[in-house]
Amino acid sequence: MKTSRRARRMQRHYGRMHRPGGLNLVSLMDIFTILVFFLMVSSSDVKVMQNTADVPLPESTAEKDAEESMMVQVIGQSILVQGREVARVDGIETGDTTIGGLAEELAWVRERRGDVPEQGHEVTIMAARSTDYRLLRKIMQTCIDEDFRRVRLAVESTREVSSG
């Protein structure tokens, strides 16, 4: 059976209109490339210290931004180095001037780093503003005894960040 010219033309038209559509990935890849580039550029400016919600930091008005260094945290009854518990506050005796587990961890880190700079290694201590000063003094003394003499205390900045 022969089909008419008009019927063939209608079949071609119907076939073109009801063909499954393809997905144009070129535009999508362009957008993701720009997004990745933006994230890489913008993330290099930000210095983020690992903080936990349970450590309310004291406030500071210092103008200089923090630098990254090894982190010693006091969270509850735990003393952590780089997020790993090394000592318990309730295990520290009143007469102790240094903290045993912390001293061992700092000595291990110092040995892995090799030569000690003249001014000593850097360490940042993060503790809640309600932390007992005697405990902070013991932590600082332990750090100094293990050649981590550039001691910083983590604080919250009260100055406003300008977006410019």
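Going by the structure above, here's the rest.
This text gives an overview of the structure that appears in the document. (Residues numbered from 1 in each chain as written. Predicted model: local features only at pLDDT ≥ 70, side-chain atom pairs only at ≥ 80, totals over all residues. Heavy atoms only, no water.)

1. Details of the overall build of the chain
- Within the chain, the regular secondary structure consists of four helices and seven strands.
- Reading the secondary structure of the chain in the N-to-C direction produces α-α-β-β-β-β-α-β-α-β-β.
- With 164 residues in all, the chain has 27% of them scored as buried.
- Contacts in the chain between residues far apart in sequence, at least 24 positions, make up 67% of those at least 6 positions apart.
- Only carbon and sulfur atoms are counted for the fraction: they give 53% of the accessible area of the chain, which is about 12,600 Å². (Helix = DSSP H or I, 4+ residues; strand = E, 2+ residues; numbered from the N terminus. Buried < 20%, exposed > 50% of the residue type's maximum accessible area, 1.4 Å probe, protein only. Contact = heavy atoms within 4.5 Å. Areas by Shrake-Rupley, 256 points an atom, 1.4 Å probe, with all protein chains shown as cover.)

2. A look at the packing of helix H3 (residues 100-113) against helix H4 (residues 133-145)
- Interhelical geometry of H3 versus H4 gives an angle of 30° and a closest axis separation of 9 Å. Looking at the two axes, H3 sits roughly parallel to H4. Where H3 crosses over H4, the handedness of that crossing is right-handed. Residues Leu102, Ala103 and Leu106 of H3 lie in contact with H4, whose contacting residues are Ile139, Thr142 and Cys143.
- Split into classes, the residues belonging to the contact of H3 with H4 amount to five nonpolar, one polar and no charged. (Axes fitted to C-alpha atoms, helices over the stretch in contact; angles between N-to-C directions. Parallel < 35°, antiparallel > 145°, perpendicular 65-115°, else oblique. Left-handed = near helix turned anticlockwise from the far one by under 90°. Nonpolar A, V, L, I, M, F, W, Y, C, P; charged D, E, K, R; others polar.)

3. Some remarks on the side chain of Glu122
- Structurally, the position occupied by Glu122 is in strand S5 (residues 122-127).
- Side chain to side chain, Glu122 and Arg150 meet in a polar contact 2.3 Å long. (Polar contact = N/O pair within 3.5 Å; in protein donor to acceptor, adjacent residues only side chain to side chain.)

4. Describing a nonpolar patch on the surface
- Taken together, the side chains of Leu23, Leu25, Leu28, Met29, Phe32, Leu35, Phe38 and Leu39 define a hydrophobic patch exposed on the protein surface, amounting to about 850 Å² of accessible area.
- Structurally, the position occupied by Leu35 is in helix H2 (residues 25-43).
- A relative accessible area of 40% places Leu35 in the partly exposed class. (Patch = residues over 30% accessible without salt bridge, like charges linked within 9 Å, V, L, I, M, F, W, Y side chains within 5 Å. Salt bridge = Lys/Arg side-chain N within 4 Å of Asp/Glu carboxyl O.)

5. Brief notes about the pattern of salt bridges
- Applying the stated criterion across every chain yields a total of nine salt bridges.
- In this structure, Arg88 and Glu85 form a salt bridge, with 3.8 Å as the shortest nitrogen-oxygen distance.
- Residue class for Arg88 comes out partly exposed when judged on its relative accessible area of 37%.
- Exposure remark for Glu85: the relative accessible area of 41% places this residue in the partly exposed category.
- Close ionic contact of Asp147 with Arg149 constitutes a salt bridge, the shortest N to O distance being 2.9 Å.
- Several salt bridges converge on common partners, so that one network encompasses Arg110, Glu146, Asp147 and Arg149.

6. Overview of the nonpolar core
- Counting 21 residues, the largest nonpolar core has Val72, Ile79, Ile99, Leu102, Leu135 and Ile139 as the members making the most contacts within it.
- Ranked by residues supplied to this core, first place goes to H4 with four residues.
- Apart from residues lying up to four places away in sequence, Ile99 is in contact with Ile79, Ala87, Ile92, Leu135, Lys138, Ile139 and Thr142. (Core = buried A, V, L, I, M, F, W, Y, C linked by side-chain atoms within 4.5 Å.)

7. Some remarks on the pairing of strand S2 (residues 70-75)
- Within S2, six of the six residues are buried, which leaves the element mostly enclosed by the surrounding structure.
- What you see with S2 is no split at all: Met70, Val72 and Val74 on one side and Met71, Gln73 and Ile75 on the other are buried throughout.
- Two strands pair when backbone bridges link them, and S2 and S5 are joined in this way by five bridges, in the parallel orientation. Bridge pairing links Gln73 to Met126 in S5.
- Pairing of S2 with strand S3 (residues 78-81) involves four bridges; the strand directions are antiparallel. Within S3, the residue paired with Val72 across the bridge is Val81.
- Counted between consecutive antiparallel strands, the loop separating S2 from S3 contains two residues, among which Gly76 sits at a positive phi close to 60°. (Pairing = 2+ DSSP bridges.)

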